[in-house]
Amino acid sequence: MIKSLKTLLLLMGIVSAFVMCNRADTFPASGYDDRLSGGAATVFDVSSQAFTHEIDGLNGRDLIVHGLGDQNFEQTFVADSTLFGGKGPIFNNVSCISCHHNDGKGTPTAGFQNSSLLFRISIPGLDEHGAPLSAQGYGFQVQDKALLGVQPEAHIDISYKDSIVNYADGNFVTLRVPAYTLQNPYYPLPAVYYLSPRLAPPVFGAGLLENILESTILSFADESDKDGDGISGKPNYIFDTAVNKKQLGRFGLKANTTTIQRQVAVAYQQDMGVTSYLLPDESSKGQSQYTQTKTRIELPDSTLNAVTFYIKTLAVPARRDVNDSSNVQGARLFTLISCAKCHIPTVQTGIDFAVPQLSNQRIHPYTDLLLHDMGPGLADGRPDFDASGSEWRTMPLWGIGLFPKTNGTPYYLHDGRARSIEEAILWHGGEAEKAKEQFMNLSAAERAKLIKFLNSL
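If you're wondering where the values come from, they're calculated on a predicted model, not measured in any experiment. (Residues numbered from 1 in each chain as written. Predicted model: local features only at pLDDT ≥ 70, side-chain atom pairs only at ≥ 80, totals over all residues. Heavy atoms only, no water.)

Undergrad: What's the story with helix 13 (residues 444–455) in this structure? I'm lost.
TA: In an α-helix there are 3.6 residues to a turn, and that puts residues three or four apart on one side. The first and last C-alpha atoms of helix 13 sit 16 Å apart over 12 residues, in line with the 16 Å expected at 1.5 Å per residue. Those residues of helix 13 not exposed but buried are R447, L450, I451, F453 and L454. Along the axis of helix 13, the buried residues cluster in a sector spanning 155 degrees; they form a single face. Those residues of helix 13 that are buried are in contact with helix 9 (325–336), helix 11 (421–426) and helix 12 (433–441). (Helix = DSSP H or I, 4+ residues; strand = E, 2+ residues; numbered from the N terminus. Expected span 1.5 Å × (residues − 1). Buried < 20%, exposed > 50% of the residue type's maximum accessible area, 1.4 Å probe, protein only. Arc of directions from axis to C-beta. Contact = heavy atoms within 4.5 Å.)

Undergrad: Just to check I follow, could you spell out the packing of aromatic side chains for this structure?
TA: The description of an aromatic ring pair rests on the distance of the ring centres and on the angle between the ring planes. Inspection of the entire model under this criterion finds 14 aromatic pairs. Three or more aromatic residues joined by ring pairs form one cluster here, namely F51, F204, W398, F403 and Y412. Sitting over the face of the ring of Y32, R362 holds its NZ or CZ atom 3.9 Å from the ring centroid. Sitting over the ring of W427, R417 keeps its end group 4.4 Å from the ring centre. (Phe/Tyr/Trp six-rings, centres within 6.5 Å; stacked < 30°, edge-to-face > 60°. Lys NZ or Arg CZ within 6 Å of the ring centre and 35° of its normal.)

Undergrad: Would you take a moment to explain the nonpolar core for this structure?
TA: A general trend in soluble globular proteins is that nonpolar side chains are found buried together. With 80 residues, the main nonpolar core has Y268, I311, F334, L426, F439, L450 and L454 as its most contacted residues. For this core, the leading source of residues is helix 8 (residues 301–312), giving 6 residues. Filtering out sequence-adjacent residues up to four positions away, L454 remains in contact with F334, L397, I400, G401, I421 and I425. Grouped together as the second largest cluster of nonpolar side chains are 14 residues, I121, A135, V142 and A154 included. (Core = buried A, V, L, I, M, F, W, Y, C linked by side-chain atoms within 4.5 Å.)

Undergrad: What am I meant to see in the pattern of salt bridges here?
TA: Two side chains of opposite charge can pair, provided their charged atoms sit close to one another. Overall, the coordinates contain 19 salt bridges when judged by the stated rule. Where R198 meets D380, a salt bridge forms, and the shortest distance between an N and an O atom there is 4.0 Å. Of this pair, R198 sits in strand 9 (residues 194–199) while D380 sits in the loop between strand 15 (371–373) and strand 16 (391–393), and the two are 182 residues apart along the sequence. For R198, a relative accessible area of 6% puts it in the buried group. Between D352 and K312 there is a salt bridge, with the nearest N and O atoms lying 2.9 Å from each other. Here D352, found in the loop between strand 13 (347–348) and strand 14 (362–363), pairs with K312, found in helix 8; they are 40 residues apart in sequence, far enough to count as distant. Residue D352 shares its accessibility class with K312, and that shared class is buried. Via salt bridges that share partners, R198, K254, D380, R382 and D384 belong to a single interconnected network. (Salt bridge = Lys/Arg side-chain N within 4 Å of Asp/Glu carboxyl O.)

Undergrad: Any chance you could explain the environment of S219 here in plain terms?
TA: Relative to the helices and strands, S219 is located in helix 6 (residues 214–219). C-alpha of S219 to C-alpha of D368: the two residues are 149 residues apart in sequence and 9.4 Å apart in space. Within the structure, S219 has its side chain in polar contact with the backbone oxygen of T216 (distance 2.5 Å). (Polar contact = N/O pair within 3.5 Å; in protein donor to acceptor, adjacent residues only side chain to side chain.)

Undergrad: Sorry if this is basic, but what is going on with the pairing of strand 8 (residues 172–183) here?
TA: Here is the key point about a regular strand: its side chains alternate between the two faces of the sheet. Direction of pairing for strand 7 (residues 155–166) relative to strand 8: antiparallel, over a ladder of 12 bridges. Counted as the bridge partner of H155 is Q183 from strand 8. Hairpin connection between strand 7 and strand 8: a loop of 5 residues separates the two successive antiparallel strands, and G170 in this loop has a positive phi of roughly 100 degrees. (Pairing = 2+ DSSP bridges.)

Undergrad: Just to check I follow, could you spell out the side chain of K105 for this structure?
TA: For K105, the location among the structural elements is in the loop between helix 4 (96–99) and strand 3 (117–126). A distance of 3.5 Å separates a polar side-chain atom of K105 from the backbone oxygen of L413. For K105, the residues in contact, after removing those within four places along its chain, are C99, L199, A200, P201, P202, M395, F403, N407, Y411, Y412 and L413.

Undergrad: Whenever I open this one, helix 12 confuses me. Can you help?
TA: Of the residues making up helix 12, those classed as buried are A435, K436, F439 and M440. Burial along helix 12 is one-sided: seen end-on, the buried residues are contained in an arc of 140 degrees. The outward face of helix 12, more than 90 degrees from its buried face, is lined by the exposed residues K434 and N441. On the buried face of helix 12, the contacting elements are strand 7, helix 11 and helix 13.

Undergrad: What should I look at first to understand the packing of helix 7 (residues 260–272) against helix 8 in this one?
TA: Each pair of packed helices can be described by the angle between their axes along with the distance between the axes. Remark: helix 7 packs on helix 8, axes separated minimally by 9 Å, with the N-to-C direction vectors making an angle of 120 degrees. It follows that helix 7 is oblique to helix 8 by the angle criterion. The hand of the helix 7/helix 8 crossing is right-handed. In this structure, helix 7 contributes I260, Q261, V264, A265 and Y268 to the contact, and helix 8 contributes T303, L304, N305, V307, T308, I311 and K312. (Axes fitted to C-alpha atoms, helices over the stretch in contact; angles between N-to-C directions. Parallel < 35°, antiparallel > 145°, perpendicular 65-115°, else oblique. Left-handed = near helix turned anticlockwise from the far one by under 90°.)

Undergrad: Just to check I follow, could you spell out the pairing of strand 3 for this structure?
TA: Sheet topology places strand 3 next to strand 9; 6 bridges connect them, and they run antiparallel. Its bridge partner lying in strand 9, F119 is registered against P197. In terms of strand pairing, strand 3 meets strand 5 (residues 141–142) through 2 bridges, oriented antiparallel. If you follow F119 over to strand 5, its bridge partner there is V142. Bridge analysis of strand 3 against strand 4 (residues 132–133) gives 2 bridges, and the strand direction is antiparallel.

Undergrad: For this particular structure, what's the right way to read unusual backbone geometry?
TA: For residues besides glycine, phi is generally negative; the peptide bonds are generally trans as well. Between G88 and the following residue, P89, the backbone shows a cis peptide bond with an omega angle of 10 degrees. Examined against the element boundaries, P89 turns out to sit in the loop between helix 3 (60–74) and strand 2 (90–91). Backbone geometry at N102 places phi at a positive 55 degrees, although glycine is not the residue there. Inspection of the secondary structure puts N102 in the loop between helix 4 and strand 3. Relative accessible area serves as the criterion here: at 25%, N102 is assigned to the partly exposed category. With phi around 50 degrees, A255 is a residue other than glycine that occupies positive phi space. When its relative accessible area of 0% is taken as the criterion, A255 is described as buried.

Shown next, in the form of structure tokens:
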């Protein structure tokens, strides 16, 4: 009876009353606790492991599957082995955790084992489904590592130059402007090609994002900017070969992936060179590095499903210091200068009968999961289904204040060029240009309060 009552309460989204019993902070009079960023899927931890916890209340079977997924997420894959084999012949990294450090954001280095930066590549045009066109000899992603005796596709050279942004009050911030170059290509590069850097994002909270109703996400869209506020978020629809039709994209930096499982399968195939039933062909197929004589599935279905479930059931860290007066004022400024029009603070999830902790939850992801034009400064020039070369998915902000702890050195934006939240704000352009200008017109004290608020998320 108690178990079924708790399940019912979880489905109704009011489990926070139970969670709060042992918490010292004041429970808000409104009946909602703004610390519960993930609703019932919230964890209270501010350490370097804040992103690594499973959702509380999983049953015994689910805990076993989550644990198996965790083990495989951290497992290093090798070339030849009956267990955890199949890596390569070309790849970017050797395990999931090598890119998603502590289940969080990655490191924007290239050529090193801990690098979390990869590069999508394509040529001008789109195929009949709206997908990017692969670059001959390179496919859709540049693999800069290879097995012994195999030539990687290319090496990546990254350089930065400084750009100074001056505030009216005399303060200034130095931004890093990156330049990316492919070195030592094994095959002639196309005369014209798009190169798009992508830094591994955090993976926690994905189960909640996947459970937001499509109708909810579409309700945030205003593609023709009917309200005239200059913000016109739009959805990205992806042709999913698993179901042979277009579906809403909600994962990936351009919302170019439909489900967690698809994201996991793509990562195994493209990042590690490990095939699965969803993507049975090696990323090197058709290239000189390809050595297989027949298609071979290298990742067991059980492993793919366990890693998918692990990511789906990762909890979201709680927001901190919600009653701090500076954070309260910072939150008001966040809304006042229109940041909250894209980084939507509160969203309701749908129903997931398999994992009730994800069902009907009032969550605070600070995203609309839509595409927005971010201006020429952040543009990669590479279209991806309905996403243009200057459009990116709104990054969820939950957990952003913990990046220094989970990642050591924090990096922000799609390629890690920003070394602080302030730098990331100052890179905003396009639809966010007006909000950025309003941020720059705030007093130094007000800017500090807004940033402090973001660090509390």
